[in-house]
Amino acid sequence: MPELRKDPITGRWVIISTERAKRPHDFVRDDGKRRGGFCPLCPGNEKMTPLEVYAIREDGSPPNRPGWNIRVVPNKFPALMIEGDQGKGAEGIYDRMNGIGAHEVILETPDHEKDIFDFDTKEIENVVIAYRERVLDLKKDLRFKYVLVFKNHGEEAGASLEHSHSQLIALPIVPKRVSEEIVGGYNYFRFRDRCVYCDIVDQELSAKERIIDENADFVSIAPYAPRFPFETWIIPKKHSAVFEKTDNAQLSSFAELVLLTLRRLNAVLSNPPFNYVIHASPFNVGEIEHYHWHLEIIPKLTKIAGFEFGSGFYINPTPPEEAARYLRESSS
């Protein structure tokens, strides 16, 4: 029988539709072929991108030249512009402001043929270090309240370029989804005097039913009320709300589990299109007791349609307990 489950953080309900139950092979669509063609992100084509704002280079090569391992550049077609002021205003009941922000692209590897599933631990560690360093830098701009770090992998997940990359957007407001998580965490904390994310970690580690992997510092789980099949969260075991305060040792541990989890998803779903996003405390809030930074990985295996848009419910055809079992048992 289908089951309604409530997310303990946001209060959002999802439908676990066992009548439509789907196994990993039901989702495999990718033929594994790469599109090819000219790539502006490859080494030697640095002049095709804006000037880099951050890079990791091991050979001492000059900026905006080949020789990089990680390279961060402003997006050539940014969603928001960094120049100007907020210009807040209103038209009657309608609020508006200028599209001020920053939009950057993190080039994760110089190797065009390499997907993130093929990275080694050091390569993925460099990627998350770049995330932290860019967030710390953009945090200095007092116009910004939040930086959202995200990755789109595959055309169906919104990636317009094949070369492995991720993005970040600095915003003058806090995203609604993050605000909902913070409010949900606060409401839980008011009544129980505990962080809901810490309680989730403790309960999942105890039950083991939805655990995928863990190491000394982080745990990856299939959340109790997932919106999408094979949705996965990676959460610090110790309470921490601010991603950019994570030190190098912890980032190394985080990178290790991110890589292992992505490899498991690849093994089970065969190069699935996916998005991942880091949710963390806003700049003007800082280290708070009722929130917990985390990474959400969303494979793009189902489509959002009229019911989801109209109701706010999500229908998930794969119970998280089954998804976690498939991933745990996979060869990573």
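Let me begin by describing the structure that accompanies this report. None of the values given here were measured: they were computed from a predicted structure.

1. Quick look at the packing of aromatic side chains
So, point 1. The full count for this structure, using the stated rule, is 10 aromatic pairs.
So, point 2. For the ring pair F254 and W293, a centre distance of 5.0 Å and an interplane angle of 80° mean the geometry is edge-to-face. Pair noted here: F254 is in helix α4 (residues 248-269) and W293 is in the loop between β13 (274-279) and β14 (294-299), with a separation of 39 residues, a long-range link.
So, point 3. Ring plane angle 25° and centroid distance 6.1 Å describe the contact between F274 and Y276, whose orientation is recorded as stacked. A single burial state applies to F274 and to Y276, both of which are buried.
So, point 4. Ring pairs connect the aromatic residues F218, F243, F254 and W293, which therefore count as one cluster.

2. Describing the pattern of salt bridges
So, point 1. Per the counting criterion, the structure on display carries 25 salt bridges.
So, point 2. When the shortest N-O distance is used, the salt bridge between E52 and R57 registers 2.9 Å.
So, point 3. The exposure class of E52 is buried, given its relative accessible area of 16%.
So, point 4. The buried category is assigned to R57, whose relative accessible area is 18%.
So, point 5. In this structure, D137 and K140 form a salt bridge, with 3.7 Å as the shortest nitrogen-oxygen distance.
So, point 6. Under the relative-accessibility criterion, D137 is labelled partly exposed at 33%.
So, point 7. Judged by relative accessible area, which is 64%, K140 ranks as exposed.
So, point 8. Each of E3, R5, E204, E209, R210 and E321 takes part in one network of salt bridges that share partners.

3. Side note on the environment of L171
So, point 1. Relative to the helices and strands, L171 is located in strand β9 (residues 165-171).
So, point 2. The sequence separation of L171 and K140 amounts to 31 residues, and the corresponding C-alpha distance is 13 Å.

4. Re the nonpolar core
Across soluble globular proteins, you tend to see nonpolar side chains buried next to one another.
So, point 1. Grouped together as the largest cluster of nonpolar side chains are 52 residues, with contacts concentrated most on Y131, F230, F254 and L262.
So, point 2. If one sorts the elements of this core by residue count, α4 sits on top with 10 residues.
So, point 3. Not counting residues up to four positions away in its chain, the partners in contact with Y131 are I106, E108, V149, S166, F243, Y276 and I278.
So, point 4. Among the nonpolar cores identified, the runner-up in size contains 21 residues, and V178, C195, I200 and V219 belong to it.

5. A word on the sheet that holds strand β1 (residues 3-6)
So, point 1. Across the sheet, which stays open at both edges, the 3 strands sit in the order β1-β2-β15 with mixed pairing between neighbours. Edge positions in the open sheet fall to β1 and β15 (314-316), since each of these has one partner strand only. This sheet shows a mean twist of 30° between the axes of neighbouring strands, independent of strand direction.
So, point 2. Where strand β2 (residues 13-16) and β15 come together, 3 bridges link them in parallel fashion. When the bridges of β15 are listed, I16 appears paired with N316.

6. A look at the sheet that holds strand β8 (residues 146-153)
So, point 1. The 10 strands lie next to each other as β3-β4-β7-β9-β8-β13-β14-β12-β11-β10, forming an open sheet whose pairing is antiparallel. Each edge of the open sheet is held by one strand with a lone partner, namely β3 (54-57) and β10 (211-214). Going from strand to strand, the sheet's axes swing by 15° on average, the running direction of each strand aside.
So, point 2. Note: β3 against strand β4 (residues 68-74), 4 bridges, orientation antiparallel. Each bridged residue has a counterpart across the sheet, and for Y54 the counterpart in β4 is V72.
So, point 3. Against the sheet, helix α2 (residues 176-192) makes contact with β8, β13 and β14, and its axis sits at roughly 55° relative to β13, the strand it touches most.
So, point 4. In the packing of helix α3 (residues 196-207) onto the sheet, contacts are made with β10, β11 (218-221), β12 (232-236) and β14, and the angle to β11 comes to roughly 75°.

So, how was this worked out
Residues numbered from 1 in each chain as written. Predicted model: local features only at pLDDT ≥ 70, side-chain atom pairs only at ≥ 80, totals over all residues. Heavy atoms only, no water. Phe/Tyr/Trp six-rings, centres within 6.5 Å; stacked < 30°, edge-to-face > 60°. Helix = DSSP H or I, 4+ residues; strand = E, 2+ residues; numbered from the N terminus. Buried < 20%, exposed > 50% of the residue type's maximum accessible area, 1.4 Å probe, protein only. Salt bridge = Lys/Arg side-chain N within 4 Å of Asp/Glu carboxyl O. Core = buried A, V, L, I, M, F, W, Y, C linked by side-chain atoms within 4.5 Å. Contact = heavy atoms within 4.5 Å. Pairing = 2+ DSSP bridges. Axes fitted to C-alpha atoms, helices over the stretch in contact; angles between N-to-C directions.

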